Amino acid sequence: MLGLGVDRLRADMNRLLALLFHQGVLDEQFLQLQQLQDESSPNFVSEVVNIYFHESEKLLRNLRGLLMDKEFSDYKKIGIHLNQFMGSSSSIGAKRVRNVCVAFRAASEQNNRAGCLRALELLEHEYCYLKNKLHELFHIEQQRVLAAGVRYPMQH
């Protein structure tokens, strides 16, 4: 009975990952990140992704702060934040977030404030979707690890 729970959780993880790949939310870089995780660092992926979340939220706050400033005109600063966001998103395989950053950067290079505001809203939306889905994936992974570790005493 124990194996069925672990197998079901593994299947749930695989279905969720397949969905995220099909939707273009993640790319192969996420799989490469997963391959770096082993027994010596069982939480490697979630730790790296949580650092990404922490840094991304700072970048989103900075971008929003810049664009909400009535006197704003420093599109180069937006480009710097977006380059950081694109790099970190690429490193964890966050494909849709990275793609929105590319479009956002194009709007900033044209000094297009309205385009930047639209891109920021889309970026926040994509980021929240990614964050929710990866938290869901990590939650299933935690359940799978716990289920795999449960041992029942032998009945004689």
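Residues numbered from 1 in each chain as written. Predicted model: local features only at pLDDT ≥ 70, side-chain atom pairs only at ≥ 80, totals over all residues. Heavy atoms only, no water.

A. Up close: helix H5 (residues 95-109). If you check H5, its first and last C-alpha atoms are 21 Å apart, about what 15 residues at 1.5 Å a residue would give, namely 21 Å. Residues of H5 that are buried include every one of Val 97, Val 100, Cys 101, Phe 104, Ala 107 and Ser 108, and no others. Looking down the long axis of H5, one finds its buried residues gathered within 120° of arc, a one-sided arrangement. The inward-facing, buried residues of H5 abut helix H3 (44-68), helix H4 (75-92) and helix H6 (113-149). Among the residues trailing H5, Asn 111 stands out with phi positive, at a value near 55°. (Helix = DSSP H or I, 4+ residues; strand = E, 2+ residues; numbered from the N terminus. Expected span 1.5 Å × (residues − 1). Buried < 20%, exposed > 50% of the residue type's maximum accessible area, 1.4 Å probe, protein only. Arc of directions from axis to C-beta. Contact = heavy atoms within 4.5 Å.)

B. Quick peek at the UniProt feature "domain: HPt" (unreviewed entry) in the chain. The feature "domain: HPt" (unreviewed entry), as annotated in UniProt, sits at residues 41-137 in this numbering. Along residues 41-137 the backbone is 86% helical and 0% strand, and the end-to-end C-alpha distance reaches 17 Å. (UniProt positions renumbered as here; feature names shortened; annotations may be inferred.)

C. Here's a closer look at the pattern of salt bridges. Inspection of the entire model under this criterion finds 10 salt bridges. A salt bridge links Asp 7 to Arg 10; its shortest N-O distance comes to 3.7 Å. Remark: Arg 10 and Asp 7 occur in helix H1 (residues 2-22); sequence separation between them is 3 residues, near one turn of the helix. By relative accessible area, which is 45% here, Asp 7 ends up partly exposed. (Salt bridge = Lys/Arg side-chain N within 4 Å of Asp/Glu carboxyl O.)

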